[in-house]
Amino acid sequence: MNIHSWKDKLFAKAVETVCLRGSQQNAKVEQSVRDILKSVRGEGDKAVQRFTWKFDRIRISPNQLRVSQNEILEAYSALPKSDTAALKYAARRIRTFHRRQRRSTWTYRKDGIQLGQLITPLDAVGVYVPGGKAVYPSSVLMNTIPAKVAGVGRVVMCTPTPSGSIHPSLLVAADIAGVDEIYRVGGVQAIGALAFGTSTICPVDKIVGPGNLYVATAKRLVYGQVDIDMIAGPSELLVLADSTSNSRHVAADLLCEAEHDEEACVYLVTTSMAVATRVVKEVNRQLSELGRHEIASRSVKNHAVAFVVRNMDDAFALANRIAPEHLSLNVKNAMGHLPRIRHAGAVFVGRYTPPAVADYVAGPNHVLPTGGSARFFSSLGVDEYVKRSNVVSYSQAALLKAKRAVVRLATLEGFDAHSQSMESRWI
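The structure presented is a predicted model; accordingly, all values stated were derived computationally and were not measured.

About the thresholds
Residues numbered from 1 in each chain as written. Predicted model: local features only at pLDDT ≥ 70, side-chain atom pairs only at ≥ 80, totals over all residues. Heavy atoms only, no water. Core = buried A, V, L, I, M, F, W, Y, C linked by side-chain atoms within 4.5 Å. Buried < 20%, exposed > 50% of the residue type's maximum accessible area, 1.4 Å probe, protein only. Helix = DSSP H or I, 4+ residues; strand = E, 2+ residues; numbered from the N terminus. Contact = heavy atoms within 4.5 Å. Phe/Tyr/Trp six-rings, centres within 6.5 Å; stacked < 30°, edge-to-face > 60°. Lys NZ or Arg CZ within 6 Å of the ring centre and 35° of its normal. Polar contact = N/O pair within 3.5 Å; in protein donor to acceptor, adjacent residues only side chain to side chain. Pairing = 2+ DSSP bridges. Axes fitted to C-alpha atoms, helices over the stretch in contact; angles between N-to-C directions. Salt bridge = Lys/Arg side-chain N within 4 Å of Asp/Glu carboxyl O. Right-handed = clockwise from strand over helix to strand, strands pointing away.

A. Highlighting the nonpolar core. Judged by nonpolar contacts, the single largest core of 40 residues is most densely connected at Leu141, Met157, Ile182 and Tyr385. If you list the elements that add at least two residues to this core, you get helix 4 (69–78), helix 5 (81–99), strand 4 (124–128), helix 6 (137–150), strand 5 (154–158) and helix 7 (168–177). Ignoring anything within four residues of it in the chain, the contact list for Leu141 reads Leu87, Ala90, Ala91, Ile94, Pro146, Ala173 and Ala177. With 31 residues, the next largest nonpolar core counts Val33, Val156, Cys158 and Val226 among its residues.

B. A look at the packing of aromatic side chains. In the structure shown here, the tally under the stated rule is four aromatic pairs. Their ring planes at 85° and their centres at 5.7 Å tell us that Phe11 and Phe307 sit as a pair that is edge-to-face. Placement of Phe11 in helix 1 (residues 11–19) and of Phe307 in strand 11 (residues 304–308) is noted, with a sequence separation of 296 residues between them. Taken individually, Phe11 and Phe307 each receive the classification buried, so the pair is uniform in this respect. Taking the centre distance of 6.4 Å and the plane angle of 5° together, the rings of Trp106 and Tyr108 count as stacked. Take Trp106: its relative accessible area is 41%, and that puts it in the partly exposed class. A cation over an aromatic ring shows up here: Arg50 above the ring of Phe51, its NZ or CZ 5.1 Å from the ring centre. When the ring centre of Trp6 is taken as origin, the NZ or CZ atom of Arg310, which lies over that ring, is 5.2 Å away.

C. Highlighting the side chain of Thr144. Within the element layout of this structure, Thr144 appears in helix 6. A relative accessible area of 1% places Thr144 in the buried class. Reaching out from Thr144, the side chain makes a polar contact with the backbone oxygen of Val140 at a distance of 2.5 Å. Not counting the four nearest positions on each side in its chain, Thr144 is found in contact with Val127, Val155, Ala177 and Val179.

D. Region of the structure containing the sheet that holds strand 11. Spatial strand order, 1-11-10-9-12-13: six strands in an open sheet with parallel pairing. Edge positions in the sheet fall to strand 1 (2–5) and strand 13 (346–349), since each of these pairs with one other strand and no more. Mean inter-strand twist for the sheet, computed between neighbouring axes without regard to direction, equals 20°. Strand direction decides the pairing type here: strand 1 and strand 11, joined by four bridges, are parallel. In the sheet register, Ser5 faces strand 11, and the bridge partner there is Val308. Against the sheet, helix 12 (residues 293–303) engages strand 10 (265–270) and strand 11, with an angle of about 45° to strand 11.

E. Quick look at the pattern of salt bridges. Taken as a whole, this structure holds 19 salt bridges when the rule is applied. With its nearest N and O atoms 3.0 Å apart, the salt bridge here joins Arg50 to Glu43. The exposure class assigned to Arg50 is partly exposed, which follows from its relative accessible area of 37%. Overlapping salt bridges, with partners in common, bring together Glu30, Arg34 and Arg220 in one network.

F. Quick peek at the pairing of strand 9 (residues 236–241). Counting buried residues along strand 9, six of its six residues qualify, which places the element largely inside the surrounding structure. Neither face of strand 9 is exposed, since Glu236, Leu238 and Leu240 on one face and Leu237, Val239 and Ala241 on the opposite face are all buried. Strand direction decides the pairing type here: strand 9 and strand 10, joined by six bridges, are parallel. Looking at strand 10, one finds that Val239 is bridged to Leu268. In this fold, strand 9 hands off to helix 10 (residues 247–258), which returns the chain to strand 10; that crossover is right-handed.

G. Expanded view of the sheet that holds strand 3 (residues 113–121). What the three strands build is an open sheet, ordered 2-3-14; its pairing is antiparallel. Each of the sheet's edge strands pairs with one partner strand only, and the pair in question is strand 2 (106–110) and strand 14 (386–394). Each neighbouring strand pair of the sheet contributes to a mean axis angle of 10°, computed without reference to strand direction. Bridge count for strand 2 against strand 3 is five bridges, and the pairing is antiparallel. Following the sheet pairing, Trp106 is matched in strand 3 by Gln117.

By themselves, these are just geometric observations and shouldn't be taken as functional.
As C-alpha cells, this is what we get:
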C-alpha cells in the first residue's frame, strides 16, 4: 500500500490514476458479449443451454432452469437456523428503511388546471446474483426487497450454478424477500434471457444486481431494450482519518472492502503521515490473519493508496473528487463534517460505524455507484423500481388563456400542427 504525500512529485499523478479508475473498457470482452447476446436473442433456451454448458460445465434442460418450491423448502432445512434468523433480521431492517422511500401519486389544481405525477411500479424486474468466488445472500435482500416495497408484481432472480446447485442461503434469502421466480442460469446468457426473453424465461423491464466484467458489459449493451440499475465496478472504500483515528479500526475497515475482490479499491486520506504509516503497517499485519488472504493481498498490492494531505479542507476536497462507493468518516466530530460530503455512494459516520454493519443489517441499500459515478448516480432504492408519469388536465377556460402563448411558440418552432391542435378546440 503506497503512501503519497501532498509534498511528493507523484502525488498529483496518483490522484489522477485513482480518479480515472472507472474509465476502462475492454473491446475484446465487448465483442464476445455481443455475440452471446445475439445468440440468446435468436435461439432463446438453446443458447442459454449451450453457454451454460460452455462456461459452467452444467448440462441443463429448459424444464430444469426454474427452481422448484420443494427446493426452496429443502434450502430452509439445509441452512442453520441461526443463518435464517440473521437473514430475517436483515430483511426486516432493509424493508423498514425502504418503506420510508415510497412515494405516492400526487396532483394539484389551480385556475382550471390540474397537474401532477402518477407513480406506478415496474411490472417485472430481473435480479442477477453472482455465484462465483463468494455467496451473497445479502445482495439478494438488497436488490429484491426494495422492488417488492415499490410494488413490482414479478421479481425474477438468476444465479449461476457452476457447482451444480444453488447455495441454500440464496434460496432462503430470495424466499424471505418475496422473489417470484428463481432460475439457475448466470453470466451473459442470463442477462440476455432477462432482457429478450426465452420460451422458459419471460422478459423483464429492468435488470439489477452486480456481476463480473462480462455481466456488467452485457447490462450496458441491453440498456434501451430494458432499464438497468448501473454499471457496477469493483468494490471501493475511502477512509478519511485524522490524527485521533485508531489505526487498527481503519486497517480493518480497509481490509473489509479489500477481501471482496482482487480488483477492490481501498484508499486512505489523512492529514497525518504518522497515521498513514501506522495504518499501512496494521494492514500488513491483519492481512496474514484473513481467510481470504490472497484476494485481499492482491487488492491491497494493486489498488490500495494512502494519501497524506495538508489539512481537512484538502482531505474533503480529495474525497469528493474521488467520489467513492463507500466513504468512512473516521474523524473527530464526524457528524459535523457530513455537510462537506458531496459525492459518495454511502457515508459511514463516526468511529463506531464500520462498513460491515451497513453491508448487512443497517437498512440502507448496499448497492452503490462505483468508479467515481457517485458524482451522478445514487444508491439503489425504491425510486429505481417505479415510474413517474406526468398528469396534465386543462379546462376549456384555462386552455383559452394558454392559447396565445402556445400558438406563438409553435409558430416560432415551425410546427403548424401544434397550432392547429389548439385552434381546433374553437372551430
